[in-house]
Amino acid sequence: MLLAEAPDLIVPELRPYRTRADTSGWVRDDGILPYLEARLAKYRYAGIGEFHLFGEEAELPIPQRMVALARERDLLLHAHSDVEAIDRLFRQWPQARILWAHSSFDRPEKVREVLRRHPRLWCDLAYRSDHAHGNKLDPAWREAFIAHPDRFMVGTDTFTPERWHFIGTHASFSRGWLADLPLALAERVAWRNAEALLRANTLPRT
Ligand SMILES: [Zn+2]
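Here the structure is a predicted model, which means the values were calculated and not measured.

Draft legend 1. Representation of the nonpolar core. Judged by nonpolar contacts, the single largest core of 45 residues is most densely connected at Leu77, Ala79, Ile86, Leu89, Ile98 and Trp100. For this core, the leading source of residues is helix H5 (residues 83–92), giving 4 residues. Discounting chain neighbours no more than four positions away, the residues touching Ala79 are Gly49, Phe51, Leu53, Ala85, Ile86, Leu89, Ile98, Trp100 and Ala101.

Draft legend 2. Expanded view of the packing of helix H6 (residues 108–117) against helix H7 (residues 139–147). Look at H6 against H7: their axes get within 9 Å of each other, and the N-to-C directions meet at 15°. It follows that H6 is roughly parallel to H7 by the angle criterion. Handedness of the crossing formed by H6 with H7: left-handed. For the pair H6 and H7, the contacting residues are Pro108, Glu109, Val111 and Arg112 in the first and Ala140, Trp141, Glu143, Ala144 and Ala147 in the second. Here the residues of the contact of H6 with H7 are counted per class, giving 6 nonpolar, no polar and 3 charged.

Draft legend 3. Spatial organisation of the packing of helix H3 (residues 32–42) against helix H4 (residues 61–73). Where H3 meets H4, the closest approach of the two axes is 10 Å, and the angle between their N-to-C directions is 15°. For the element pair H3 / H4, the angle class is roughly parallel. At the point where H3 passes H4, the crossing takes the right-handed sense. Contacts from Ile32, Leu33, Leu36, Glu37 and Leu40 in H3 reach Ile62, Arg65, Met66, Leu69 and Arg73 in H4.

Draft legend 4. Structural detail: the environment of Gly49. Looking at the secondary structure, you find Gly49 in strand S2 (residues 47–53). Taking the C-alpha atoms as reference, Gly49 lies 19 Å from Asp106; in sequence the two are 57 residues apart. Leave out the neighbours within four places in its chain, and Gly49 touches Glu13, Arg15, Leu77, His78, Ala79 and Ala101.

Draft legend 5. Up close: unusual backbone geometry. Cis geometry marks the peptide bond from Gly49 to Glu50; its omega dihedral reads -15°. With respect to the helices, strands and loops of the structure, Glu50 is situated in strand S2. We note that His102 has phi near 55°; this positive angle belongs to a residue other than glycine. As for its placement among the helices and strands, His102 is situated in the loop between strand S4 (98–100) and H6. With 19 C-beta atoms counted inside 10 Å, the residue His102 sits in the partly exposed group. The phi dihedral of Asp157 falls on the positive side, at around 55°, and the residue is not glycine. Inspection of the secondary structure assignment puts Asp157 in the loop between strand S6 (152–153) and helix H8 (167–178).

The rules behind the values
Residues numbered from 1 in each chain as written. Predicted model: local features only at pLDDT ≥ 70, side-chain atom pairs only at ≥ 80, totals over all residues. Core = buried A, V, L, I, M, F, W, Y, C linked by C-beta atoms within 7 Å. Buried ≥ 20, exposed ≤ 12 C-beta atoms within 10 Å, placed from the backbone. Helix = DSSP H or I, 4+ residues; strand = E, 2+ residues; numbered from the N terminus. Contact = placed C-beta atoms within 7 Å. Axes fitted to C-alpha atoms, helices over the stretch in contact; angles between N-to-C directions. Parallel < 35°, antiparallel > 145°, perpendicular 65-115°, else oblique. Left-handed = near helix turned anticlockwise from the far one by under 90°. Nonpolar A, V, L, I, M, F, W, Y, C, P; charged D, E, K, R; others polar.

Structure (structure tokens):
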């Protein structure tokens, strides 16, 4: 419905959850696959996610089948995952494009190491965790953005309507720390990288 209202703004992703309760149980729930298949047959999506997947769970049959569905359609995977699950997803599908949700829950040194290992990995920064620094960027994060200027993007995590109330607050916070970066890099992290990643197969061409 949002896509129909604003096709120039909305990039649809398919979450493998029928209800919020699926967040924790989906990796072992047989009902997830028919749900995904039915939605994929009916609607157009840019990716599958954000899904929660950790460690060895990536090898369970249902996540593997979900990856296969994404692969058949060359869809982005948007993974709220630890490094182990990211590694395992790339082992299953080396040509995947993975957007790592909340990558900033990990330390920047670790994130840089994972980015070096996986050239088709991008990082969203939803709920950046160094709020204690106020509007000043943690120097280690600044170095990570400079080292990988094309791989990071602001995230909002507006997966549920109540989060939409915080879009303004979140944007102000993001603008605060983005202003602490050189302008060209701030623009990349704020929107250019996301647009480059998502425009390829989703946005209408103008
Ligand atoms: Zn999230």
